[in-house]
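Chains, contacts and geometry: an overview
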Amino acid sequence: MTEPYLSLPIDDQAAASLRDSGLRLALVDTADDDAFDAWLSADARGFHSKQPSPAALAQQRELLRHRRTTGVYDDNIPVPHSPVGTVNSWPAPLTVPGPGQVDSWLISSVTVAPTHRRRGIATAMLPAELRTAVALGLPVAALTVSESTIYGRWGFGPSAFSTAWTIDARRAGWIGPATRGRLSFTTAPEFIETGRALLARQNAAHAGEVGLSEYLADRTMTPLEGAPDASTYRIVRYDGPDGDPEGFVTYTITEDDSDFTNATLDVVALVATTDAANAALWRYVIEMDLVSTVRAHTRAVDEPLPWLVRDIRRAKVTKVQDHLWTRILDVPAALEARRYENAGTLVLEVDDPLGFADGRFRVAAGSDGVASVTETTDAPDVSLPVGALASVYLGAPAAAGLAAAGRIDGDAVALDRLFRTAVPPRLSSWF
Ligand SMILES: CC(=O)SCCNC(=O)CCNC(=O)[C@H](O)C(C)(C)COP(=O)(O)OP(=O)(O)OC[C@H]1O[C@@H](n2cnc3c(N)ncnc32)[C@H](O)[C@@H]1OP(=O)(O)O
C-alpha cells in the first residue's frame, strides 16, 4: 500500500505560481529509473557534487525511494526531463524534551539549478512542503541547512547547535574512567542491524535527534557508493561489562607520508547509549598509536570530552554551529508533545506571516512536566515570531539572546525558565 505522504497530490498553490513563470511542479515517480536518475543527478549538481556513477544512482534509487520526491521542470529547455528545482521529504520522529517524540516532516535536497536561481522557485517549493506537512497532520517540519541565511524567511529557526573538535592526541592525556567493557573491531555487514538499533536508542534519548532512515543510519557505518574513502572506514564496537552492545565509533585515518607517527584520525560517527560507552570510545580514538590529531564533528555543545582529558586546552572546539532548524506548524500539538522541567504558565503571542502557527496560546505546565496548550484572548506575556519559538522549543538557551536582539518582546526570563532544559538539544547527523 502506498503511504499517504507519497501519494498526496502536488501542492496546487505552488503549482499555479510556478505555472505562471512557465515552470511545472511535479512529483517524481521513483519507480521510473530514468526520471529518478535525472532528479538525483540534478540534486547532486545543485550541491556541486560530482555526477553520480551508475552504481551510485542505483544505490540512491534504492535507498531514497521512501522519500516524497518533487521536481520543478522547465519544459522549454533542451533537456526538459532534468529538473531545475529539487526537494524531497519524509516523516520521522523528532525527539523532544522528556524525552518524547513528535512526528515531523523532514525536508532535504532543496536545490535550484544555477541557471534558474532567484526566480522564486524555492519560494514556491518551501511553503508547499509546509502545507504538505500540515495536510499530513504533522506539527513540526525540520531540516539541516547548507547556509544559515535561507530558511528563516519561511519561519524556521535554529533549534539545536553542534560542535566540531580537534584533539591533540599526544598531549590531551586521558583522565576519564577506565574502560570496563570490551572494544572490538567489526564490519558494516555484520554490525549493521546492531548499529541501527544503537542509533535508534541513542537518538530517542536526546532532544533534537531524529529517527534515522536506513539510508541515514547506514552512512554512519559504511560510505555511500562512490565516496572517496570507501576502503578506509574502520568500525569498533563497545559492549558493556554484561556483554550488551552500548555504542560504536566509525573512523578513518589519514597517514602523514613524511612522519609515521603523525596520522590524523577523523571520527565519522561516535554513537553511545551510555556514558561509559561514550568515554570508552573517546579514549580508544585519543590513545590510538601513530595518531597525533583526532577530529570529530556534529557533537553536542555539552560534549563531556574536556572533562575526560588532563589538558583541557588540547581538546579544542573548532566550530559551534547552528545545526537543526525546526518550523512549528501546530503550536498546541508541538508544545504539548514535550515535557517541561519547571511548572509555570505563559501566554505566548506567536507571529507567523505564513499563517500556520499564528495566534495567542496559553502554555500551562504542571509539576509533572506535562503542559496543556490552549488558544486564549488573555494578554500575552511574551510575543515572538514563529522562528524564535522554534529556537527555544527543544530547550536551547536562546531566549535571552533573542530578547537582547529585540526579536522577542515581554518576559524573556519566564520564557527561558519554562522552555530551557538542563541538557541542551543536539543533533548528531545531517539529513
Ligand atoms: C534543506 C536543504 O536542502 S539545505 C540546501 C539548500 N540548497 C543549497 O544550498 C544549494 C545551492 N543553492 C540553491 O540551490 C538555491 O540558491 C536555493 C535553493 C538556496 C534558493 O533557491 P532560489 O529559487 O534561487 O530562491 P528564491 O528565488 O525563491 O529566493 C527566495 C529568497 O531567498 C533568498 N535567497 C536565496 N538563496 C539564498 C542564499 N543562499 N542566501 C541568502 N538568501 C538567499 C533570495 O534572495 C530571496 O529573497 P527575497 O525573498 O528577500 O527576495
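Residues numbered from 1 in each chain as written. Predicted model: local features only at pLDDT ≥ 70, side-chain atom pairs only at ≥ 80, totals over all residues. Heavy atoms only, no water.

What about the domain arrangement of the chain?
Per the domain assignment, the segments of the chain are domain 1 (4–155), domain 2 (163–322) and domain 3 (330–419). Of note, the centres of domain 1 and domain 2, computed from C-alpha atoms alone, are 31 Å apart. Overall, the association of domain 1 and domain 2 removes approximately 1300 Å² of surface from exposure, summing both partners, and the carbon and sulfur fraction of that is 61%. The three residues of domain 1 that bury the most area against domain 2 are Gln59, Leu63 and Thr95, which together make up 31% of that side's buried surface. Across the contact surface, domain 1 and domain 2 share 0 salt bridges. Inspection of the domain 1/domain 2 interface yields 6 residue pairs in polar contact (both at pLDDT 80 or more). (Domains from an automatic or database assignment. Buried area = accessible area lost by both parts, 1.4 Å probe. Salt bridge = Lys/Arg side-chain N within 4 Å of Asp/Glu carboxyl O. Polar contact = N/O pair within 3.5 Å; in protein donor to acceptor, adjacent residues only side chain to side chain.)

What about the packing of helix H3 (residues 33–46) against helix H4 (residues 54–64)?
At a minimum axis separation of 10 Å, H3 and H4 run at an interaxial angle of 100°. Taken as axis vectors, H3 and H4 run roughly perpendicular relative to one another. Together, Asp33, Phe36, Asp37, Leu40 and Ser41 of H3 and Leu57, Gln60, Arg61 and Leu64 of H4 make up the contact between the two elements. In the contact of H3 with H4, the residues fall into 4 nonpolar, 2 polar and 3 charged. (Axes fitted to C-alpha atoms, helices over the stretch in contact; angles between N-to-C directions. Helix = DSSP H or I, 4+ residues; strand = E, 2+ residues; numbered from the N terminus. Parallel < 35°, antiparallel > 145°, perpendicular 65-115°, else oblique. Contact = heavy atoms within 4.5 Å. Nonpolar A, V, L, I, M, F, W, Y, C, P; charged D, E, K, R; others polar.)

Digging into the UniProt feature "binding site: acetyl-CoA" (unreviewed entry) in the chain
The UniProt record marks Val110, Thr111, Val112, Arg118, Arg119, Gly120, Ile121, Ala122, Thr123, Ser146 and Glu147 with the feature "binding site: acetyl-CoA" (unreviewed entry), using the residue numbering of this structure. Looking only at the residues we just named, the second largest cavity is lined by Thr111 and Val112. Arg118 gets classed as exposed once you look at its relative accessible area, which sits at 78%. Its relative accessible area of 48% is what places Arg119 among the partly exposed residues. (UniProt positions renumbered as here; feature names shortened; annotations may be inferred. 1 Å grid on protein atoms, 1.4 Å probe; cavity = no way out; pocket = protein on both sides within 12 Å on 5 of 7 lines; lining within 4 Å. Buried < 20%, exposed > 50% of the residue type's maximum accessible area, 1.4 Å probe, protein only.)

Details of the sheet that holds strand E1 (residues 24–27)
Strands sit in the order E1-E2-E3-E4-E5-E12-E6-E11-E10-E9-E8-E7 across an open sheet of 12 strands; the sheet is mixed. The open sheet has two edge strands, E1 and strand E7 (182–186), and neither has a second partner. If you compare each strand with its neighbour and ignore which way they point, the axes differ by 25° on average. Here 5 bridges tie E7 to strand E8 (residues 234–239), and the two strands are oriented antiparallel to one another. Bridge pairing in E8 places Ser184 opposite Arg237. Seen against the sheet, helix H5 (residues 121–135) touches strand E2 (68–73), strand E3 (85–96), strand E4 (100–112), strand E5 (140–144) and strand E12 (315–328) and runs at an angle of roughly 160° to E4. The strands that helix H7 (residues 188–204) touches are E3, E4, E7, E8, strand E9 (245–256) and strand E10 (259–272); relative to E9, the one it contacts most, it runs at about 115°. (Pairing = 2+ DSSP bridges.)

Some remarks on the UniProt feature "active site" (unreviewed entry) in the chain
Per the UniProt annotation, the sites labelled "active site" (unreviewed entry) are Tyr151 and Phe431. Summarising the element assignment, Tyr151 is placed in the loop between E5 and strand E6 (157–168). A relative accessible area of 6% places Tyr151 in the buried class. The residues touching Tyr151, leaving out its near neighbours within four places in the chain, are Val110, Leu126, Leu143, Val145, Phe156 and Trp325. Along the polypeptide, Phe431 turns up in the segment after helix H14 (412–419). Overall, the relative accessible area of 9% leaves Phe431 in the buried class. Look past the residues within four positions of Phe431 in its chain and what remains in contact with it is Trp90, Leu106, Ile107, Ser108, Ala142, Leu143, Thr144, Val210, Leu216 and Leu324.

Description of the sheet that holds strand E14 (residues 359–365)
Pairing is mixed across the open sheet formed by 5 strands, whose spatial order is E15-E14-E13-E16-E17. Strand pairing shows two members of the sheet lacking a second neighbour, strand E15 (371–375) and strand E17 (409–410), which therefore form its edges. With 4 bridges connecting them, strand E13 (residues 344–351) and strand E16 (residues 382–385) associate as parallel partners. In the sheet register, Leu348 faces E16, and the bridge partner there is Val382.

Digging into the packing of helix H2 (residues 12–20) against H5
At a closest axis distance of 8 Å, the pairing of H2 and H5 adopts a crossing angle of 170°. When the axes of H2 and H5 are compared, the pair comes out roughly antiparallel. In this structure, H2 uses Gln13, Ala14, Ser17 and Leu18 to contact H5, whose residues at the interface are Ile121, Ala124, Ala128 and Arg131.

Quick word on the site of the ligand
Not every one of the 24 residues close to the ligand is listed here, only the nearest: Val110, Arg118, Thr123, Ser146 and Glu147. Interatomic distance of 3.4 Å between a backbone N/O atom of Ser109 and an oxygen atom of the ligand. Contacts to the ligand include Thr123, whose side-chain N or O atom sits 2.6 Å from an oxygen atom. Contact with the protein chains removes 76% of the 950 Å² of surface that the ligand exposes when unbound. Of all elements in the fold, only E4, H5 and E5 reach the threshold of two or more residues within the shell around the ligand. Per-element accounting of the shell around the ligand gives the leading share, 6 residues, to E4. Residues of the shell around the ligand, tallied by class, amount to 10 nonpolar, 9 polar and 5 charged. (Near = heavy atom within 4 Å. Areas by Shrake-Rupley, 256 points an atom, 1.4 Å probe, with all protein chains shown as cover.)

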